[in-house]
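Notes for the structure review
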Amino acid sequence: MTDYASRLQRAREAVAAQGIDVALVGTGAEFAYLTGSWVSSHERLTCLVIRPDAEPVIVAPRTDIESLEGVAARLRGWSDGENPYALALEGCTPKKVALGSSLTADHVLRFQEVLDGSSFVLATTALADLFTRKEDEEISELRHAARAIDAVHAQVPGLLQPGRTEAEVAEDLRALILREHTSVDFIIVGSGAHGANPHYDFGERILAAGDPVVVDIGGTVPSGYHSDCTRTYVVGGDPSAAPEDFLEAYAVLEQAQAAGRATIRPGATAQDIDRATREVIEEAGWGEFFTHRTGHGIGLSTHEEPFIMEGNSLELAASMAFSIEPGIYVPGKWGMRLEDIVVTTEDGYESLNQAPRELR
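Thresholds, definitions, all that
Residues numbered from 1 in each chain as written. Predicted model: local features only at pLDDT ≥ 70, side-chain atom pairs only at ≥ 80, totals over all residues. Heavy atoms only, no water. UniProt positions renumbered as here; feature names shortened; annotations may be inferred. Helix = DSSP H or I, 4+ residues; strand = E, 2+ residues; numbered from the N terminus. Pairing = 2+ DSSP bridges. Axes fitted to C-alpha atoms, helices over the stretch in contact; angles between N-to-C directions. Contact = heavy atoms within 4.5 Å. Core = buried A, V, L, I, M, F, W, Y, C linked by side-chain atoms within 4.5 Å. Buried < 20%, exposed > 50% of the residue type's maximum accessible area, 1.4 Å probe, protein only. Phe/Tyr/Trp six-rings, centres within 6.5 Å; stacked < 30°, edge-to-face > 60°. Lys NZ or Arg CZ within 6 Å of the ring centre and 35° of its normal. Salt bridge = Lys/Arg side-chain N within 4 Å of Asp/Glu carboxyl O.

**Quick word on the UniProt feature "domain: Peptidase M24" (unreviewed entry) in the protein chain**
Under the present numbering, the feature "domain: Peptidase M24" (unreviewed entry) in UniProt falls on residues 141-346. Each end of residues 141-346 is marked by a C-alpha atom, and these two atoms are 19 Å apart; helix forms 32% of the span and strand 24%.

**Brief notes about the sheet that holds strand E2 (residues 47-51)**
Reading across from one edge, E4-E3-E2-E1-E5-E6 is the order of the six strands in this open sheet, with mixed pairing throughout. The two strands at the open ends of the sheet, each matched to only one other strand, are strand E4 (74-78) and strand E6 (119-122). Pairwise comparison of adjacent strand axes, ignoring direction, gives a mean angle of 25° for this sheet. Contacts between helix H1 (residues 4-17) and the sheet are confined to strand E1 (22-26), E2 and strand E3 (54-61), with E2 contributing the most and set at about 55° to the helix.

**Structural notes on the nonpolar core**
The biggest cluster of nonpolar side chains holds 39 residues, and the ones touching the most others in it are Leu34, Leu48, Ile58 and Leu127. Setting aside its immediate chain neighbours within four residues, leucine 48 contacts Leu8, Ala23, Leu24, Val25, Phe31, Leu34, Thr35, Pro56, Val57 and Ile58.

**Regarding the sheet that holds strand E8 (residues 212-220)**
A sheet is described by the order of its strands in space; here three strands give the open sequence E7-E8-E9, paired in antiparallel fashion. A strand with exactly one partner marks an edge of an open sheet, and here the two such strands are strand E7 (183-191) and strand E9 (229-234). Strand-to-strand, the axes of this sheet are offset by a mean angle of 15°, without reference to chain direction. Pairing geometry for E8 and E9, over six bridges, is antiparallel. Its bridge partner lying in E9, proline 212 is registered against valine 234. Across the face of the sheet, helix H9 (residues 166-180) comes into contact with E7 and E8 while running at roughly 150° to E7.

**As for the pairing of strand E11 (residues 304-308)**
Counting buried positions along E11 gives four out of five residues, so the element sits mostly inside the fold. Pairing between strand E10 (residues 295-297) and E11: two bridges, direction antiparallel. Bridging across to E11, glycine 295 finds its partner in isoleucine 308. Between E10 and E11, which pair antiparallel one after the other, the connecting turn spans six residues.

**Focus: the packing of aromatic side chains**
Using the criterion set out here, one finds six aromatic pairs in the structure. Here the aromatic residues Phe246, Tyr250, Trp286, Phe289 and Trp334 are joined through ring pairs into a cluster of three or more. Over the ring of phenylalanine 290 we find arginine 278; its NZ or CZ atom is 3.9 Å from the centre of that ring.

**Notes on the pattern of salt bridges**
Where charged atoms from two side chains of opposite charge come close, those side chains can pair. According to the stated counting rule, one finds 20 salt bridges in the structure shown. When the shortest N-O distance is used, the salt bridge between arginine 51 and aspartate 53 registers 3.2 Å. We classify arginine 51 as buried; its relative accessible area is 15%. By relative accessible area, aspartate 53 is classed as exposed at 59%. Close ionic contact of arginine 164 with aspartate 172 constitutes a salt bridge, the shortest N to O distance being 2.7 Å.

Here's what the structure looks like:
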């Protein structure tokens, strides 16, 4: 069982260390990490209030209080017509406020009406060490999720047969993901020119022998942790049947991803990893076709800090989990991506995904 009281105490210590007077965390992954609850009160405010000088409090509609019983925080219910924003800040005149990333504009603006002269920071940035450094049990769940999605990728070559459509392959993938997960997060089957769109999903294009196909899939395991892994395939069982320029670029992509992985160590920054992958691709002449960041953190959210990109000077530390996923996308022709989830160790990294990286 996760010790949520300990997590909340660490959150209070982190708030104090950052000189934050109050942290306001809305429902979602951050709330669930700290409390164990995925409660949703729709448009009504449910908020975890963390102060260095007081016990944690959850302000929630009275209609939802019962579902929060047992959470390691004091519960304060509110009814329609009351001001929950003032209730959350009762007894507190903060100068520095940290806001959770799930708080939407309607809630933030109403908090601003109550607060006068306060400065705001993003909780996920100010408290990055709390959220990004995974506990052993979290890494175990991410390892389980990685094995689950690897098992799905093992079946992909048999699905990519000439004459089938992307949508037919996607439907098979959905069933396979659900054998290993409780829900499907996303499915990308981008064949031919469709693979040049990094966020394509799937359509009715018919696969032909020699087509490159980007397959990016992920799901949620029972604990709420996520899988995410991309491999690029060639239809028809013979990778050498793919276009010559594609094969040349894929060799570069493998080198780029390996360079990114080799850069992972405590003390390296997130942008160091991005630069390592990008440098290989740029030196080979494909730089203009690498159009997104190198990676993102993963946990109870599929995308979270650390974001592996230029401009992010966050230093990596042991037990941070994130993706390494460089890609090359040539509009009108083909695309490719190679993605693994990794965890920083004391002297390097562990790759949680073990699916083969070579073309299949």
